[in-house]
Amino acid sequence: MTLIYPELAAFMQGGVSIMVASRGIQNIPSAVRALGCRVLPGQEPGRDRIRVLVPVPQCRALLQDIRATGRVAVVFSKPTTHQALQFKAEDALVASLEEADLAAVEAYRVMMSAEVQQVGFPAESAQALLACAPTDLAPIVFTPEAGFVQTPGPDAGEPMPRRAEGGRP
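The rules behind the values
- Residues numbered from 1 in each chain as written.
- Predicted model: local features only at pLDDT ≥ 70, side-chain atom pairs only at ≥ 80, totals over all residues.
- Heavy atoms only, no water.
- Helix = DSSP H or I, 4+ residues; strand = E, 2+ residues; numbered from the N terminus.
- Rg over C-alpha atoms; globule rule 2.2 N^0.38 Å.
- Buried < 20%, exposed > 50% of the residue type's maximum accessible area, 1.4 Å probe, protein only.
- Contact = heavy atoms within 4.5 Å.
- Polar contact = N/O pair within 3.5 Å; in protein donor to acceptor, adjacent residues only side chain to side chain.
- Pairing = 2+ DSSP bridges.
- Axes fitted to C-alpha atoms, helices over the stretch in contact; angles between N-to-C directions.
- Core = buried A, V, L, I, M, F, W, Y, C linked by side-chain atoms within 4.5 Å.
- Salt bridge = Lys/Arg side-chain N within 4 Å of Asp/Glu carboxyl O.

Asks: Got a sec to walk through the overall build of the chain? Specific residues and values, please.
Replies: Helix and strand counts for the chain come out as 4 helices and 9 strands. Listing every helix and strand of the chain by position from the N terminus yields α-β-β-β-β-α-β-β-β-α-α-β-β. For the chain, whose C-alpha radius of gyration is 15 Å, the value lies close to the compact-globule estimate of 15 Å for 169 residues. Overall, the chain is about 40 × 40 × 30 Å in size when its C-alpha atoms are taken along their principal axes. Here the chain, with 169 residues, has 44% of them falling under the buried criterion. Partitioning the intrachain contacts of the chain with sequence separation of at least 6 by distance along the chain shows that 69% fall at a separation of at least 24.

Asks: With reference to specific residues and values, describe the environment of Val-20.
Replies: Mapped onto the elements, Val-20 comes out in strand S1 (residues 17-23). The exposure class of Val-20 is buried, given its relative accessible area of 1%. Measuring from C-alpha to C-alpha, the distance between Val-20 and Gln-86 comes to 9.7 Å, with 66 residues separating the pair along the chain. Beyond its immediate chain neighbours, meaning those up to four positions away, Val-20 contacts Ser-30, Ala-31, Val-32, Ala-34, Val-52, Val-54, Leu-62, Val-72, Ala-73, Val-74 and Ile-140.

Asks: Please set out the side chain of Arg-51 residue by residue, giving values where relevant.
Replies: Take Arg-51: it is sitting in strand S4 (residues 49-55). The class for Arg-51 is buried, based on a relative accessible area of 4%. Of note is the side chain of Arg-51, whose polar atom sits 2.8 Å from the side chain of Asp-101. If we ignore the near neighbours within four places in the chain, the residues touching Arg-51 are Gly-36, Cys-37, Arg-38, Leu-40, Ala-95, Ser-96, Leu-97, Glu-98, Asp-101, Pro-139, Ile-140 and Val-141.

Asks: Requested: an account of the sheet that holds strand S6 (residues 84-89), with residues and values cited.
Replies: The sheet built from 5 strands is open, its strands ordered S2-S1-S5-S6-S9 with antiparallel pairing. Each end of this open sheet is capped by a strand with a single partner; those strands are strand S2 (29-33) and strand S9 (146-149). Between one strand axis and the next, the sheet turns by 20° as a mean value, whatever way the strands run. Set on the sheet, helix H2 (residues 60-69) makes contact with S1, S2 and strand S5 (72-77); between it and S1 the angle comes to about 55°.

Asks: Give a detailed account of the nonpolar core, specifying residues and quantitative values.
Replies: Met-12, Ile-18, Val-20, Val-52, Phe-76 and Phe-87 are the most contacted members of the largest nonpolar core, which totals 45 residues. The element that contributes the greatest number of residues to this core is helix H3 (residues 99-117), accounting for 5 residues.

Asks: Give a description of the pattern of salt bridges that names residues and reports values.
Replies: Taken as a whole and assessed by the stated rule, the structure comprises 8 salt bridges. With its nearest N and O atoms 3.1 Å apart, the salt bridge here joins Arg-49 to Asp-91. Of the two residues, Arg-49 sits in strand S4 while Asp-91 sits in the loop between S6 and strand S7 (93-94), which places them 42 residues apart along the sequence. Look at Asp-91 and you get partly exposed, because its relative accessible area is 29%. Between Arg-71 and Glu-90 there is a salt bridge, and its shortest N-O distance comes to 3.7 Å. On the criterion of sequence distance, the pair formed by Arg-71 in the loop between H2 and S5 and Glu-90 in the loop between S6 and S7 is long-range, its members being 19 residues apart. The class for Glu-90 is partly exposed, based on a relative accessible area of 46%.

Just distances and angles here, no functional claims.
Structure representation (structure tokens):
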């Protein structure tokens, strides 16, 4: 059974707002807006990995917290529909940047810019919000242990259904 099926992977890697949060050993929270996501197959069936790309200058505390605790929560939210999902894990780590990460960030900028234009923000605002030098990116990688529906409405906060590999919930 998997938490991340193809439609969710497409959603997560599309024009969605991505917020990454953690907490330190003193339980003080840290958070940052991510600049892209890659969903990667895990070593075991149903254990896909999520790789979110964050701007180092804006999230030094977050990176320190992840290194200290391995805890992470990531929310993916689509501005035009408010569809939102949250994943949590305790195995997060800060990884080395890969060439595919740079392509993911560039694709994300284009998709997110188009998305926020639909709700009235100029493309320039999105580009400024998502600007980051490639040398300032850090990937945070984790295997989601739990997922939650966060779309406003009666199911908000409910656990996400798991699916059989390639199947429906």
